[in-house]
Amino acid sequence: MSVLVNKDSKILVQGFTGSEGTFHAEQMIEYGTNVVGGVTPGKGGQSHLNKPVFNTVSQAVEETGANVSIIFVPPAFAADAIMEAADAGIAVIITITEGIPVADMIKVSNYIKNKPCRLVGPNCPGVITPGEAKVGIMPGFVFKKGKIGIVSKSGTLTYEAADQVVKQGLGISTAIGIGGDPIIGTTTKDAVELLMNDDETECIVMIGEIGGQLEADAAQWIKANGNRKPVIGFIAGETAPAGRTMGHAGAIVGGSEDTAQAKKEILRENGIHVVDSPAGIGKKVAEVLNAVNA
């Protein structure tokens, strides 16, 4: 069991023949991900990385049965690429592109809300189910199969948490990088909910950052649903000056509840095991699981 992507997923790469699309599609194929083709308008009928290239997503879906798409399209055209994938019936749309204008994402959000698809990102590292499918830009070798789910706003901290979990002799069920933009498809709560409902996930690592309400919403949902699985939380940006965007476009403190300290308090109040340093994530996971299984 896994969430969002697995060995049966048929992955399509949008922006396939560009430098980013080529580099990461190659890595995904090497990992063993079932990449069935790609889309680059005007290059349909060609072959790239020994996979077929299509002009449109709908042609690709018709020919290959693709049900997951990963987007490496430049920011100016990425919103159209997401909407095209949604129109073509792609179930999971993972958008790596950084720098998509907020106005474009508002349009996308409204456009896809009644469609049977799930958007992950944008500005995210993707999703990986170790040993089955890597749909993103994460270093696959860090991830080993196991029962710890990861939900993170930060790409780098996703890999760091996975590495620490693995070094504790544990492994990852699915890691979801949700992205750090102000408007994203799958929220922290959405991702946590997926992992809570996954039979093979025993524990969840939730990595957030300053700015916005996503972590608070997730924490409240976790408590309201009976704290069914242990959750380890970390909030990045404790030393960030108020009012300044830190790296991610969504990481800006707008009020007293957006600070790292306030968020950590909310997490603790809702029964989440909070670590103050990212260096403590792996140890805390092992400690909590040992206590649960004692």
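Residues numbered from 1 in each chain as written. Predicted model: local features only at pLDDT ≥ 70, side-chain atom pairs only at ≥ 80, totals over all residues. Heavy atoms only, no water.

1. Observations regarding helix H8 (residues 260–269)
Part 1 of the reasoning: Looking only at H8, the buried set comprises Ala 260, Ala 262, Lys 263, Lys 264, Ile 266 and Leu 267.
Part 2 of the reasoning: Gly 271 lies just past H8 and shows a positive phi near 85 degrees. (Buried < 20%, exposed > 50% of the residue type's maximum accessible area, 1.4 Å probe, protein only. Helix = DSSP H or I, 4+ residues; strand = E, 2+ residues; numbered from the N terminus.)

2. Focus: the sheet that holds strand S2 (residues 35–39)
Part 1 of the reasoning: Across the sheet, which stays open at both edges, the seven strands sit in the order S3-S4-S2-S1-S5-S6-S7 with mixed pairing between neighbours. Each of the sheet's edge strands pairs with one partner strand only, and the pair in question is strand S3 (47–48) and strand S7 (118–120).
Part 2 of the reasoning: Note that strand S1 (residues 11–14) and S2 share four bridges and pair parallel. Pairing of Ile 11 across the sheet is with Val 35, part of S2.
Part 3 of the reasoning: Of the strands in this sheet, S1, S2 and strand S4 (51–54) are in contact with helix H2 (residues 57–64), which crosses S4 at around 145 degrees. (Pairing = 2+ DSSP bridges. Contact = heavy atoms within 4.5 Å. Axes fitted to C-alpha atoms, helices over the stretch in contact; angles between N-to-C directions.)

3. Observations concerning the sheet that holds strand S12 (residues 203–209)
Part 1 of the reasoning: Reading across the sheet, the seven strands line up as S9-S8-S11-S10-S12-S13-S14 and stay open at both edges, with mixed pairing between neighbours. Where the open sheet ends on each side, the last strands, each with one partner, are strand S9 (133–136) and strand S14 (273–274).
Part 2 of the reasoning: Across five bridges, strand S10 (residues 145–152) lies against strand S11 (residues 172–177) in parallel orientation. Within S11, the residue paired with Ile 148 across the bridge is Ile 172.
Part 3 of the reasoning: Contacting S12 and strand S13 (231–236), helix H7 (residues 214–224) runs over the sheet at an angle of about 155 degrees to S12.
Part 4 of the reasoning: Against the sheet, H8 touches S12, S13 and S14, its axis set at about 170 degrees to S13.

4. Considering the nonpolar core
Part 1 of the reasoning: Ile 70, Ile 94, Val 135 and Ile 176 are the most contacted members of the largest nonpolar core, which has 45 residues in total.
Part 2 of the reasoning: It is H7 that provides the largest number of residues to this core, a total of five residues.
Part 3 of the reasoning: Summarising the domain contributions, this core has at least three residues from each of domain 1 (11–120) and domain 2 (138–293).
Part 4 of the reasoning: Aside from chain neighbours lying at most four places away, what touches Ile 176 is Val 3, Leu 4, Val 120, Gly 126, Val 127, Ile 150, Val 151, Ser 152, Ala 191 and Leu 195. (Core = buried A, V, L, I, M, F, W, Y, C linked by side-chain atoms within 4.5 Å. Domains from an automatic or database assignment.)

5. Thoughts on the domain arrangement of the protein chain
Part 1 of the reasoning: Parsing the protein chain into structural domains produces domain 1 (11–120) and domain 2 (138–293).
Part 2 of the reasoning: On a C-alpha basis, the centres of domain 1 and domain 2 stand 27 Å from each other.
Part 3 of the reasoning: Contacts between the two partners involve eight residues from domain 1 and, on the opposite side, 10 residues from domain 2.
Part 4 of the reasoning: Summing the contributions of domain 1 and of domain 2, the shared interface buries around 800 Å²; its carbon and sulfur component is 59%.
Part 5 of the reasoning: The largest contributions to the domain 1 side of the interface with domain 2 come from Tyr 31, Arg 118 and Val 120, which together make up 50% of the buried area.
Part 6 of the reasoning: Counting every contact that joins domain 1 to domain 2 gives zero salt bridges.
Part 7 of the reasoning: At the junction of domain 1 with domain 2, the criterion picks out two residue pairs in polar contact (both at pLDDT 80 or more).
Part 8 of the reasoning: Elements with a contribution of two residues or more to the side of domain 1 that touches domain 2: helix H4 (102–112) and S7.
Part 9 of the reasoning: Per-element tally for the side of domain 1 that touches domain 2: the top contributor is H4, with four residues.
Part 10 of the reasoning: Residue classes in the side of domain 1 that touches domain 2 are distributed as six nonpolar, one polar and one charged. (Buried area = accessible area lost by both parts, 1.4 Å probe. Salt bridge = Lys/Arg side-chain N within 4 Å of Asp/Glu carboxyl O. Polar contact = N/O pair within 3.5 Å; in protein donor to acceptor, adjacent residues only side chain to side chain. Nonpolar A, V, L, I, M, F, W, Y, C, P; charged D, E, K, R; others polar.)

6. Some thoughts on the UniProt feature "binding site: substrate" (unreviewed entry) in the protein chain
Part 1 of the reasoning: The UniProt record marks Tyr 159 with the feature "binding site: substrate" (unreviewed entry), using the residue numbering of this structure.
Part 2 of the reasoning: With respect to the helices and strands, the residue Tyr 159 is situated in helix H5 (residues 155–167).
Part 3 of the reasoning: Excluding residues within four positions of it along the chain, Tyr 159 makes contact with Pro 125, Ile 137, Met 138, Pro 139, Val 142 and Phe 143. (UniProt positions renumbered as here; feature names shortened; annotations may be inferred.)

7. Let's talk about the side chain of Gln 14
Part 1 of the reasoning: Along the chain, Gln 14 turns up in strand S1.
Part 2 of the reasoning: Here Gln 14 falls in the buried class, since its relative accessible area comes to 2%.
Part 3 of the reasoning: In this structure the side chain of Gln 14 is engaged in a polar contact, spanning 2.4 Å, whose partner is the side chain of Ser 69.
Part 4 of the reasoning: Separated by 3.1 Å, the side chain of Gln 14 and the backbone oxygen of Ala 81 make a polar contact.
Part 5 of the reasoning: The contacts of Gln 14, once residues within four sequence positions are left out, are Val 39, Val 57, Ser 69, Ile 70, Ile 71, Phe 72, Val 73, Ala 81, Glu 84 and Ala 85.

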